[in-house]
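Overview (structure and organization)
The residues making up each chain are set out below.
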Amino acid sequence: MYKRFGSVLLLTNGILSRITVKHTCQQFTYLQVLQNCSKIQVGCRGFTSMMAPAKKLEEWSFSEPKLPSLPLDPESENFVRRNVPKSVFSLAAPTPFKTKPQLVAFSEDVLRNILDMDPEITKDEKFVDWVTGNKVLEGSVPLAHRYGGFQFGYWAEQLGDGRAHLLGEYINSRGERWELQLKGSGRTPYSRFGDGRAVLRSSVREFLCSEAMHYLGVPTSRAATLTVTDDPIPRDLFYNGNVKNERGAVVLRISPSWFRIGSFEILTKSREFEELKILADFILTNNFPHIQEKGEEGYLAMFAEVCEHTAHLIAKWQSIGWAHGVLNTDNMSLASVTIDYGPFGFVDAYDPNFTPNHSDDMGRYDLENQGNIGLWNMQKLGNALAPLINNSKHNQLVDVLKGYSEHYQDKYLELFRNKLGLDPKALNEDEISKDEELIVLLLQAMEVTKADFTQIFRDLSELGIDDLEGNKIPESAWGLTTCLKSTKIKDFLKSYTERIKELKVEDDKRMENMQATNPRYILRNWIAQEAIQRAEENDFTEVQFLLELLKNPYKVNKDAEAKGYASPPPNWANKLVLSCSS
Ligand code: AMP
Ligand code: MG
């Protein structure tokens, strides 16, 4: 028995056996996923670098969909289910909004350089409908992914995309493969108790921060568009019974892959080993094409790469003082990019125990603990992959895990040496411990004086060696001046300037390199909050200003200076509490 979806045979065991979607100019058939879904006709767009960027939605189309070939839930009705066995995806169309959507911001870089679209396309009403989930493109098979996860250390069973729809895959003119997903686009079989929606404030934060992280050199999902509607979305901001209507918003976000550790975990925990192998093979082929080995050796190589890249990713977060806030295994990407922006935050006054998530009472996901949590999560990934690997080789999984700390520490040292403008030449053991001591000393001085993490590094970048050596720190260097209360900073400045001289680093060069490494502007919570308040009054100019500013966070910007974005945070910033309700 099978159901027919357009030109696709969908077997009731959930595996798509044949896909005949063709994207040639002569022949274009499409998958009709859900009869009721209103569709936008699209042209055909093969993978060719000759093509001019699309100015109209009709000129753009997805690449041939591969994801629906993974084990698919045979149930095509969209209703919530606690367990969707033996599936990686469910077919689920976005739910249209009742009020007209408004496109309020878009990333020109993502549209132009990743999706091969001319920003002109954003003026097309059909485009706005598409990126809000009101319309589905021909050739798109909207999917909701089934995954599980360990939340705050405990296995939470099936979670899944409860408010996200994977629209399709796009191989761009540079040959890069990206997956396009809407967040906030309605209920799916995985919505559990949720309404499938995302509110304006959390969507502004995700949109701005994912773009900002990219420009800070942090591997991340990207945000293409932000649309808002007037559909009322009830939210109990602090879970105290005070429910308020907020505006619904949708982010079109893209990632090389949206698979997570939890994607494997749900299959392993449910003992669905056949599906586990199909998924592992799919990810190995599509996301790790450079790994030649197949089967067990391939999974081990993939595991080693995810461990190494995750360690590097988390070290990178540390280097900018950023905490994710909810490092559950369902929020950890197998592509080792930052995903699922929720109650994240940049630390202002340095505190290794900083946590932006007010529900995290135990500080499980605090700034300092992120490196350890990365390892904990990698252990869970190892467990999830273990059924695919012969018992005799499980020691190799353990060996890979043993390498995690070294990857993390090496990257951490490299990044912080870079932040301090130290010559990136190869180091001997002696030099390594010298530089480690230097970094620790600085962090201790910052901790005891509650100095601003971002500003300290910027001050060190903007002051010449003579001033630093003589402790001649001007008032404007407000990060360092806070620190001067501590003798530790004087010790640090002494050792630091000695080290620079020892390495014969030219001071102008040092300052130039450091100013290109240590941002002057970051998306501090209070800055995001001001943009959100204005956005809630339907004024998106501040969101757009921040998007532009954070594209070049290293360069002094007159308007940003006037707004105080590189000045000490206002007093009210300390009282800002982030809600998990998003
Ligand atoms: P998050 O904390 O955003 O990573 O979400 C954890 C899980 O809750 C995921 O499975 C989400 O899809 C789901 N979820 C969060 N918010 C909602 C919502 N408003 N409606 C449905 N599911 C949601
Ligand atoms: Mg999540």
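Conventions adopted
- Residues numbered from 1 in each chain as written.
- Chains lettered and ligands numbered in written order.
- Predicted model: local features only at pLDDT ≥ 70, side-chain atom pairs only at ≥ 80, totals over all residues.
- Heavy atoms only, no water.
- Helix = DSSP H or I, 4+ residues; strand = E, 2+ residues; numbered from the N terminus.
- Buried < 20%, exposed > 50% of the residue type's maximum accessible area, 1.4 Å probe, protein only.
- Contact = heavy atoms within 4.5 Å.
- Areas by Shrake-Rupley, 256 points an atom, 1.4 Å probe, with all protein chains shown as cover.
- Lys, Arg positive; Asp, Glu negative; His and termini not counted.
- Charge placed at Lys NZ, Arg CZ, Asp CG, Glu CD.
- 1 Å grid on protein atoms, 1.4 Å probe; cavity = no way out; pocket = protein on both sides within 12 Å on 5 of 7 lines; lining within 4 Å.
- Points joined across faces, edges and corners; volume = space filled by probe spheres on them.
- Nonpolar A, V, L, I, M, F, W, Y, C, P; charged D, E, K, R; others polar.
- Donors = N, O, S within 2.8 Å, 3.2 Å for Na, K, Ca; no water.
- Near = heavy atom within 4 Å.
- Polar contact = N/O pair within 3.5 Å; in protein donor to acceptor, adjacent residues only side chain to side chain.
- Expected span 1.5 Å × (residues − 1).
- Arc of directions from axis to C-beta.
- Domains from an automatic or database assignment.
- pLDDT = per-residue confidence, 0-100.

**A closer look at the overall build of the protein chain**
In terms of regular secondary structure, the protein chain is built from 17 helices and 17 strands. Overall, the protein chain is about 80 × 60 × 55 Å in size when its C-alpha atoms are taken along their principal axes. Looking at the protein chain residue by residue over its 582 residues, the buried ones come to 58%. Contacts in the protein chain between residues far apart in sequence, at least 24 positions, make up 70% of those at least 6 positions apart. Of the roughly 23700 Å² of accessible surface on the protein chain, 50% is carried by carbon and sulfur atoms. For the protein chain, the centre of its 68 positive side-chain charges and the centre of its 79 negative side-chain charges are spaced 4 Å apart.

**Concerning empty space enclosed by the protein**
Tallying each qualifying case throughout the model produces five cavities of 30 Å³ or more. Lining the second largest cavity are 13 residues, with Pro 65, Val 141, Leu 167, Gly 168 and Glu 169 sitting closest to its centre. In terms of residue count, the dominant contributor to the lining of the second largest cavity is strand 11 (residues 164-171) (four residues). Here the residues of the lining of the second largest cavity sort into eight nonpolar, four polar and one charged.

**Focus on the coordination of the magnesium ion (ligand 2)**
Bound to the magnesium ion (ligand 2) are the protein donor atoms Asn 331 (OD1) and Asp 340 (OD), situated 2.0 to 2.2 Å from the metal. Under the relative-accessibility criterion, Asn 331 is labelled buried at 10%.

**Section: the site of ligand 1**
Around ligand 1 lies a shell of 15 residues, among which Gly 160, Gly 162, Arg 192, Gly 196 and Asn 331 are the nearest. Taking Arg 163, its side chain carries an N or O atom lying 3.2 Å from a nitrogen atom of ligand 1. At 2.8 Å, a backbone N or O of Gly 196 approaches a nitrogen atom of ligand 1. Across the complex, the protein chains shield 79% of the 480 Å² of accessible surface that ligand 1 would expose by itself.

**Structural notes on helix 13 (residues 487-502)**
Relative to the 22 Å expected for 16 residues at 1.5 Å per residue, helix 13 spans 23 Å between its end C-alpha atoms, a close match to the ideal helical length. Turning to helix 13, its buried residues number three or more, namely Ile 489, Phe 492, Leu 493, Tyr 496, Thr 497, Arg 499 and Ile 500. Projected onto a plane normal to the axis of helix 13, the buried residues spread over an arc of 160 degrees and lie on a single side. Away from its buried face by more than 90 degrees, helix 13 exposes Thr 487 and Lys 494. Buried positions along helix 13 lie against helix 8 (394-419), helix 9 (429-449), helix 10 (453-462), helix 11 (465-469), helix 12 (478-483) and helix 14 (507-515). The N-terminus of helix 13 is capped by Ser 486, whose side-chain oxygen sits 2.9 Å from the backbone nitrogen of Lys 488.

**Remarks on the domain arrangement of the protein chain**
Where interface size is given, it is often the accessible area lost as the parts come together that is meant. We note that the domain assignment places domain 1 (64-258), domain 2 (262-417) and domain 3 (422-515) within the protein chain. In this structure, domain 1 and domain 3 have C-alpha centres spaced 42 Å apart.

**Overview of the confidence of the model for the protein chain**
Looking at the protein chain, the pLDDT average stands at 91 and 92% of residues meet or exceed 70. The low-confidence segment residues 1-36 (pLDDT under 50) makes 86 contacts with residues lying over four places distant or belonging to another chain.

**Considerations on the side chain of Thr 188**
Relative to the assigned elements, Thr 188 resides in the loop between strand 12 (177-183) and strand 13 (198-199). Residue Thr 188 is classed as buried on the basis of its relative accessible area of 1%. Reaching out from Thr 188, the side chain makes a polar contact with the backbone oxygen of Asp 161 at a distance of 2.5 Å. With sequence-adjacent residues up to four places away left out, Thr 188 is seen in contact with Asn 78, Val 80, Ala 92, Ala 144, Asp 161, Gly 162, Ala 164 and His 165.

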